[in-house]
Amino acid sequence: MEQHITKLSTAAKELYDQGLYRKALDQYEEIVSAGVKDTELFYNIGNCYVRLEEYGEAKLYFERALVFDPSNTDALHNLDWINLRLADALIEPSQELMEWLSELFRGTLPEEVWMVVGSFVLLFSFLLLLWKRFSNRKINWRIPFTTSLIGIVLLSVGAISRPKITKCIVVEPNSYGYSEPFAGGKRIILLSEGSSGKIIRVQGGWSLIAIGDGRSAWFESEQWKRIYPEYQLK
Amino acid sequence: MVKKTGKYMLLVCALLWCTLSFGQKSEINASSSRTTVGLNEPFRVTYSTSEGTGQFRVPKFKNFQVVSGPYTSQQTQFINGSRSFSKKMSFDIVATKKGVFNLATATMLVKGRVLESNSLKIEVKAEALRENTSTKKSKASFEVEILTSKKSVYVGEPLVLLFRAVLFDQVRDLTILQQPNFENVLQQQLDFKQTSKRESVSNRTATLLDFDKRLVIPNKPGTLKGQSLQISAKVQVPSGRRDFFGMPMNNFVAKVATGKIPSVIIKPLPSPKPEDYSGGIGDLNFVRELSRKEVNGNESITLKIRIEGTGNFNTLSVPHLVEPQGFDVYDPKFNENIRYTERGVRGYKEFEYLLVPQFKGTFILPEMTWVYFNTSKERYETITASADTLVVVGGAPSKTHLTNDLGVPLTKREVNAIDDDIRYLQQGEHVSDQAYDLKSWSWTVVGLMLLGWGVQVIPRKKVKGGSTSRKKELQKLVETAFDSAHENRFGIMLNSLEERFLELGIAKENTSLEEITQLLGDAHGLAVHQLIERCQIAQYAPSASSGDHELLTEFTRLWNNI
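Residues numbered from 1 in each chain as written. Chains lettered and ligands numbered in written order. Predicted model: local features only at pLDDT ≥ 70, side-chain atom pairs only at ≥ 80, totals over all residues. Heavy atoms only, no water.

### Here we look at the overall build of chain A
Here is the rule we go by: Numbering of helices and strands runs from the N terminus, with a helix taken as a DSSP run of H or I at least four residues long and a strand as a DSSP run of E at least two residues long. Each residue's exposure class comes from its accessible area (1.4 Å probe, protein chains only) as a fraction of the maximum for that residue type: buried when under 20%, exposed when over 50%, partly exposed otherwise. Contacts are residue-level and defined by heavy atoms, with any inter-residue pair within 4.5 Å sufficient. Using a 1.4 Å probe, accessible areas were evaluated by the Shrake-Rupley method; residue-level cover was limited to the displayed protein chains.
Of regular secondary structure, chain A possesses 8 helices and 7 strands. Taken across its 234 residues, chain A has 49% of its residues classed as buried. Across chain A, every contact between residues at least 6 apart in sequence was considered, and the portion connecting residues at least 24 apart equals 59%. Accessible surface computed for chain A: about 11,600 Å², of which carbon and sulfur atoms make up 57%.

See below:
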């Protein structure tokens, strides 16, 4: 499996170097469908979309790359590069406290590391407790209590690090925002490719999305993609 | 006398009145040789007056065009002592439109008075209905035609129009009345010397007179048609009279001929146009010239960017320099040399830049490309000026002369971004996300931790087995001491007994007979207590003891039951 993924990755890079960006993208998509999700992969997909001048999709993938590594400087640079070329002068939606904490923790250590370290500390606590109970040697109860507490905190940080992002991006050339969740509603906003918003509610193929300046409107869900988790808005 | 004087006065007044009345009859008379004419059929309009002073002010002949004229004449006659004067001004004109038109009146300012002519009504029909014999005779005396160098051209591709008169008879005063006036076309008269040749045209010998050449560059696709060239000439025709010597006399009559331009298709440039297409059309070349590639710091480089060849120089622009880093680039000087020839617009346009090095080093003059449409090959062509390396050596530029103590230049080069682009692909090991299930693992260890705390509340049982090994250790210690006849063997035995009692909850100071019998029973307790006493005695008086072997045997027997 790993060999297959490496082969696909190498082929994708070669295709990219030859300027065959669509074919390179297909290879990268195949890696995604194999269950791989990491910052390099999403970053490379974003690059393919930039070369294909599909800036909405490109922005989406650079944002996804940053979900896995908020300190990926290449992804940050390319995201700035795209934002300069987007049509809409729109404020990015603000981050909620938990999203900010999540990004902060992920930026410090990957989610998996928090979880693994926390689990090992808890396992150590469990062993200490067994020893305390079954050994003649006396162990102060404060020691397993402290390690249990540290383990719980680390696991909680790991859980918070798990990205749950409500930000989504327009991936079509443009998207009309309606006052009501059907095409007969009044058109109140027109957003261009690459504009971002925050999902408030999803209802039958329509999503109520708030944009950075505080306005909100119903948009056709298929014209938007959520950054992470990456399932289609329904 | 008074009566005579009155009669003279009346006579003078009568004469004065007559003079004034006669003066008021001064007028301008307008007359036309024809009142019904055909299109392009010349006719003569004459204005005459008997007024000797003043100048005619001729009207603008709206819807008509002057073929020749004005012809002026004056006549003074003395008949029976009376003087008469007349002045005439004539024009040969042709109608340019069908319809009925009133020719505007001519005026003349005479002694502060404005004299005005009568108006003439002229009916213009499509073709001439009646022609006099002389006109008929001159009907096919000359023709005019426009020859085009190509039948179809691309937008921006030059086309040459040749104006040719075909003269069957002797003509004079050849004049262009109307020339083609195209929309969305650049038209330029070419330097051209009139040429003529004799040829047979329609079984008649004719003189072909090429009298003008125009260069036409269309700006929009479509068809070049409909426009015509109209010329007039005076054609010699017999007057039917003979002169004093009996020779036939000729008259020259005005004649107009019209030639239409053949249809020329103007094709749009092929699509799709390259993104960086410059707008150049023709047979062109793009040149970037450097006066030198290696330069001293205090010298400069002259760089020329030039478009040369044949093409649409009137609309194309020379690309600006992609500036190299490390040089001051001054505003360019523009040079141009363009000639309009039969092959099109030839010459060059160029920008001349002066590059002054700022710093020592090797600098790249970036590659430049220029895309134009080649009309002969009918395709877009890209000309590339490849990247050059410019080396600044020796005699350091003034800006870097000043250095600090560390030899670092005081004036630093401002580092500007040449261009902006995204960054390259990242390489890394891709790991499948499905390999781990951290969530269930985390819950498992949390459960274990809770289990560990749960175990703590289970009551702890007394475990005796834990002291067994120590008991054996103590027994072995005692036996070893006795076997090796250790000098403190009785003390070791006593300590072992006391430690054992300590484990069983009897402190050293409490090893009384009562305590021991309470723990071990009367008989066994008494025996143990005696063993302790014997050990104490043997420790302080070894000679008084009954013997090591017996004591050890007794110890071993009792030890197993303690």
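### Here we look at the sheet that holds strand β12 (residues 152-154) of chain B
All names here are of chain B. Convention followed: Strand pairing is assigned whenever DSSP detects at least two bridges linking the two strands. Helix axes are fitted to C-alpha atoms over the stretch in contact, other axes to C-alpha atoms as well, and angles between N-to-C directions run from 0 to 180 degrees.
An order of β12-β21-β18 is seen for the 3 strands of this open sheet, with the pairing classed as mixed. Edge strands, defined here as strands with exactly one partner in the open sheet, are β12 and β18 (222-224). With strand direction ignored, the average angle separating the axes of adjacent strands in the sheet is 30°. In the sheet, β12 pairs with strand β21 (residues 264-267) via 3 bridges, with the strands oriented parallel. Paired with S152 across the bridge in β21 is I265.

### Some points on unusual backbone geometry
Of all residues except glycine, most have a negative phi; of all peptide bonds, most are trans. In the segment running from B:S271 into B:P272, the intervening peptide bond is cis, with an omega of -5°. Relative to the helices and strands, B:P272 resides in the loop between β21 and β22 (277-290). Despite not being glycine, A:E53 shows a phi value in the positive range, around 60°. We classify A:E53 as exposed; its relative accessible area is 56%. Of note in the backbone geometry, B:A485 takes a positive phi value of approximately 50° without being a glycine. Its location among the elements puts B:A485 in the loop between α4 (465-483) and α5 (489-503).

### Structural notes on the pattern of salt bridges
Residues and elements named next belong to chain A. Rules: Each salt bridge in this description consists of a side-chain nitrogen of Lys or Arg and a carboxyl oxygen of Asp or Glu lying within 4 Å of one another.
In total, this model carries 24 salt bridges over all chains according to the counting rule given. Here E92 ties to K59 by a salt bridge, and the two come within 2.8 Å at their closest N and O atoms. Of this pair, E92 sits in the loop between α5 (73-85) and α6 (97-108) while K59 sits in helix α4 (residues 55-68), placing them 33 residues apart in sequence. Of the charged contacts in the structure, one is a salt bridge between D213 and R215, with a shortest N-O distance of 2.7 Å. Under the relative-accessibility criterion, D213 is labelled partly exposed at 38%. One network of salt bridges, with partners in common, ties together K59, E63, E92 and K167.

### Focus: the environment of B:Q539
Residue and element names in this part refer to chain B. Within the secondary structure, Q539 sits in helix α7 (residues 522-540). In this structure Q539 comes out as partly exposed when scored by relative accessible area, which is 30%. C-alpha separation for the pair Q539 and G491, spaced 48 residues apart in sequence, amounts to 6.1 Å. Every residue in contact with Q539, bar those within four places of it in the chain, is listed here: N488, F490, G491 and L494.

### What to know about the nonpolar core
As a reminder of what qualifies: In this description, a nonpolar core means a group of buried Ala, Val, Leu, Ile, Met, Phe, Trp, Tyr and Cys residues linked to one another through side-chain atoms lying within 4.5 Å.
One finds A:Y28, A:I45, A:V50 and A:I82 to be the most contacted residues of the largest nonpolar core, which totals 38 residues. Elements with a contribution of two residues or more to this core: α1 (2-17), α2 (21-33), α3 (39-51), α4 and α5 of chain A. Counting residues per element, this core draws most heavily on α4(A), which supplies 8 residues. Not counting residues up to four positions away in its chain, the partners in contact with A:Y28 are A:S9, A:A12, A:K13, A:L41, A:N44, A:I45, A:C48 and B:L425.

### Digging into the packing of helix α7 (residues 111-134) of chain A against helix α8 (residues 142-161) of chain A
All names here are of chain A. Quick note on the threshold: Angles below 35 degrees are treated as roughly parallel, those above 145 as roughly antiparallel, those between 65 and 115 as roughly perpendicular, and all remaining angles as oblique. The hand of a helix crossing depends on one turn: near helix anticlockwise from the far one by less than a right angle means left-handed, and clockwise means right-handed. Each residue gets one of three labels, nonpolar for Ala, Val, Leu, Ile, Met, Phe, Trp, Tyr, Cys and Pro, charged for Asp, Glu, Lys and Arg, and polar for the others, Gly among them.
In the contact formed by α7 and α8, the axes pass within 8 Å of each other and the chain directions differ by 160°. With respect to α8, the axis of α7 lies roughly antiparallel. Two packed elements cross with a definite hand, and for α7 against α8 that hand is left-handed. A class-by-class count of the residues in the contact of α7 with α8 yields 16 nonpolar, 8 polar and 2 charged.

### A word on the side chain of B:T375
Residue and element names in this part refer to chain B. Mapped onto the elements of the fold, T375 is located in the loop between β29 (368-374) and β30 (379-385). By relative accessible area, which is 15% here, T375 ends up buried. Excluding its chain neighbours within four sequence positions, the residues that come into contact with T375 are E157, I281, G282 and D283.

### Examining the confidence of the model for chain B
Residue and element names in this part refer to chain B. Our working rule: Values of pLDDT, the confidence the predictor places in each residue, fall between 0 and 100.
Averaged over all residues, the pLDDT of chain B is 79; the fraction at 70 or higher stands at 85%. With pLDDT under 50 throughout, residues 18-24 is counted as low confidence; its partners more than four residues away or in other chains account for 1 contact. Of the regions scoring below 50 in pLDDT, residues 133-138 engages in 9 contacts with residues more than four places distant in sequence or in other chains.

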